[in-house]
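# Coordinate analysis (summary)
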Amino acid sequence: MEDRKVALVTGAGRGIGKAIALKLAAEGMFVIVNYNGSAQAAADTVKEIEEMGQSAVAMQCDVSDFAACESLFKEVIGTYGRLDVLVNNAGITRDNLILKMKEEDFDEVIRVNLKGAFNTTKCVARQMVKQRGGRIINISSVVGVMGNAGQANYAAAKAGIIGLTKTMARELASRHVTVNAIAPGFIETSMTEKLPEQIRESYQGQIPMGAFGKPEDVANAAAFLASENAGYITGQVLCVDGGMCM
Ligand code: NAP
């Protein structure tokens, strides 16, 4: 794979993951666009990257399935020989107040948003240690820091991501593998599109900059953390939130 860095972004067919995939490709990396259900969207992301004159490939994997992650990364390392950047972006919501939240909604969000990041990290850690370098970037959320009514499952998973990030950062630091989290605030994607207007307005009122962010705002931060310039930064949580969480 010549001198190009190889990056894998989970859930990169749409939303924030897509913006991160495009940005890393624009920085010259070969990008593996992971998706679960959105095969067409992932193919479109690959096409957009190719139209930029860069290269990418789409690979299906449900990150909550450990065995599936093992085969994905076996294929990635077997084919490309290395993995320099892993972005754990895949995530879902199943919002409800605790009085109404079903056990399966709690379990599913933890399985995808938290266990998914463990699965992929576990599968790449050995390779990155062997390479004596790598970048792991976990997409958390401001609600993992601040909490949010109606999101007990999601906030618990996102807070868990922060614990995972800090622990992995400590375990892998001596091998020059950095592990950081990004905590986006409210970003314009299909995840926030479905919020009722009244809730959107109340969220907007909590943002000092007065507006939701764009997927590209998160992608810019991810590209920085993935770059050589961020080599001495590990175990951090970078909020990209228009000043919401300070
Ligand atoms: P989105 O538009 O709903 O996209 C979610 C992505 O996750 C999709 O690409 C989806 O892929 C993927 N995904 C879901 N389950 C998966 C699984 N089991 N295996 C692999 N991929 C899976 O959401 P988004 O707003 O871009 O969110 C991206 C990340 O940012 C999430 O972790 C989210 O929690 C976090 N975040 C978002 C906001 C926000 O305001 N939007 C704020 C803070 C944090 P398929 O379509 O292929 O299933």
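This section reports on the structure supplied with the text. Computed from a prediction, not measured in an experiment: that's the story for all the values here.

The rules behind each value
Residues numbered from 1 in each chain as written. Predicted model: local features only at pLDDT ≥ 70, side-chain atom pairs only at ≥ 80, totals over all residues. Heavy atoms only, no water. Helix = DSSP H or I, 4+ residues; strand = E, 2+ residues; numbered from the N terminus. Rg over C-alpha atoms; globule rule 2.2 N^0.38 Å. Buried < 20%, exposed > 50% of the residue type's maximum accessible area, 1.4 Å probe, protein only. Core = buried A, V, L, I, M, F, W, Y, C linked by side-chain atoms within 4.5 Å. Contact = heavy atoms within 4.5 Å. Expected span 1.5 Å × (residues − 1). Arc of directions from axis to C-beta.

Once that is clear, we can look at the overall build of the chain. Tallying secondary structure elements over the chain gives nine helices and seven strands in all. Relative to the 2.2 N^0.38 estimate, which gives 18 Å for 246 residues, the radius of gyration of the chain is 17 Å and therefore close to what a compact globule would have. When the backbone C-alpha atoms are referred to their principal axes, the chain occupies close to 50 × 35 × 35 Å. For the chain, with 246 residues in total, the buried portion stands at 50%.

Counting 42 residues, the largest nonpolar core has Leu-8, Ile-32, Phe-73, Val-76, Leu-83, Leu-86 and Ile-136 as the members making the most contacts within it. Every element with two or more residues in this core is listed here: strand S1 (6-9), strand S2 (30-35), helix H3 (66-80), helix H4 (103-131), helix H6 (152-172) and strand S6 (177-184). Sorting elements by how many residues they give to this core places H6 first, with eight residues. Setting aside its immediate chain neighbours within four residues, Ile-136 contacts Leu-86, Asn-88, Thr-121, Val-124, Met-128, Leu-172, Val-177, Thr-178, Val-179 and Asn-180. Judged by nonpolar contacts, the second largest core, of 32 residues, contains Ala-21, Met-29, Ala-219 and Ala-230.

This brings us to H3. Here H3 is 15 residues long and its end C-alpha atoms lie 21 Å apart, about the 21 Å a rise of 1.5 Å per residue gives. For H3, the full list of buried residues reads Cys-69, Leu-72, Phe-73, Val-76 and Tyr-80. The buried side chains of H3 occupy one side of the element, clustering within an arc of 90 degrees when seen end-on. Looking at H3, the residues exposed on the side facing more than 90 degrees away from the buried face are Lys-74 and Gly-78.

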